[in-house]
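# Summary of the model geometry
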Amino acid sequence: MKTLTLAAVAALFPVAALAHDGMHINDAYARSANPKTGAIFLTLENHRKVACSLQSVASDAADRVELHSHSEENGVMRMGAIEGGITVPAGGTHQLARGGDHVMLMGLTRPLADGDSIDLTLDFGDCGSETTTAVVDNQREDAAAEHGDHAGH
Ligand SMILES: [Cu+2]
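The rules behind each value
- Residues numbered from 1 in each chain as written.
- Predicted model: local features only at pLDDT ≥ 70, side-chain atom pairs only at ≥ 80, totals over all residues.
- Heavy atoms only, no water.
- Donors = N, O, S within 2.8 Å, 3.2 Å for Na, K, Ca; no water.
- Helix = DSSP H or I, 4+ residues; strand = E, 2+ residues; numbered from the N terminus.
- Buried < 20%, exposed > 50% of the residue type's maximum accessible area, 1.4 Å probe, protein only.
- Core = buried A, V, L, I, M, F, W, Y, C linked by side-chain atoms within 4.5 Å.
- Contact = heavy atoms within 4.5 Å.

Below, the discussion takes up the coordination of the copper ion. For the copper ion, the protein coordination sphere consists of H68 (ND1), M79 (SD), H102 (NE2) and M104 (SD), at 2.1 to 2.3 Å. Expressed as a motif, the donor residue spacing for the copper ion is H-x10-M-x22-H-x1-M. Of this pair, H68 sits in strand β5 (residues 62-73) while M79 sits in strand β6 (residues 76-81), placing them eleven residues apart in sequence. Judged by its relative accessible area of 4%, H68 is buried.

Shown next, in the form of structure tokens:
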């Protein structure tokens, strides 16, 4: 996704590109490799004329919901909380994907099985908040799957 131009992204999502103004949250899904934690992946699409920053996410599915990123240091993948939110430029997109940024659910209030839905409220600060629903799909294939399963987490 990083190598795609904005024009290429618009071509991939022609319907969304024509839809209403504001922040679009597309294709949210969740994975949960154990009864205590899960991770949510989605695409943020900013149709506003200003940059918007995802500050935090709330959900009743977990005691704590954090924004995390993965980064590689000396060949080792590390995961940690994102400081200062995730900024999406005006007219831009940002993908939360396995091996990269994700929403982390810590201390699940119920075990998550395939097909369960998780209600999320995303706080974009001055840009307001948006709600979406992520569906649990542990079978979903992903290009970066080898880094994002949270097995030791
Ligand atoms: Cu995480």
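The rest of the description comes next.
Turning to the side chain of T132, a few remarks are in order. Within the secondary structure, T132 is located in strand β11 (residues 129-136). Note on T132: relative accessible area 14%, which makes it buried.

The next thing to look at is the nonpolar core. If you look at the biggest cluster of nonpolar residues, it comprises 29 residues, and the most contacted ones within it are I40, L42, L44, I118 and L122. Elements supplying a minimum of two residues to this core: β1 (23-31), β2 (37-46), β3 (52-54), β5, β7 (86-88), β9 (102-108), β10 (117-123) and β11. Looking at this core, the element that brings in the most residues is β1, giving four residues. Apart from the residues within four sequence positions on either side, L42 is in contact with I25, N26, D27, A28, H94, Q95, L96, L120 and L122.

Everything listed here is a matter of geometry and, on its own, says nothing about what the molecule does.
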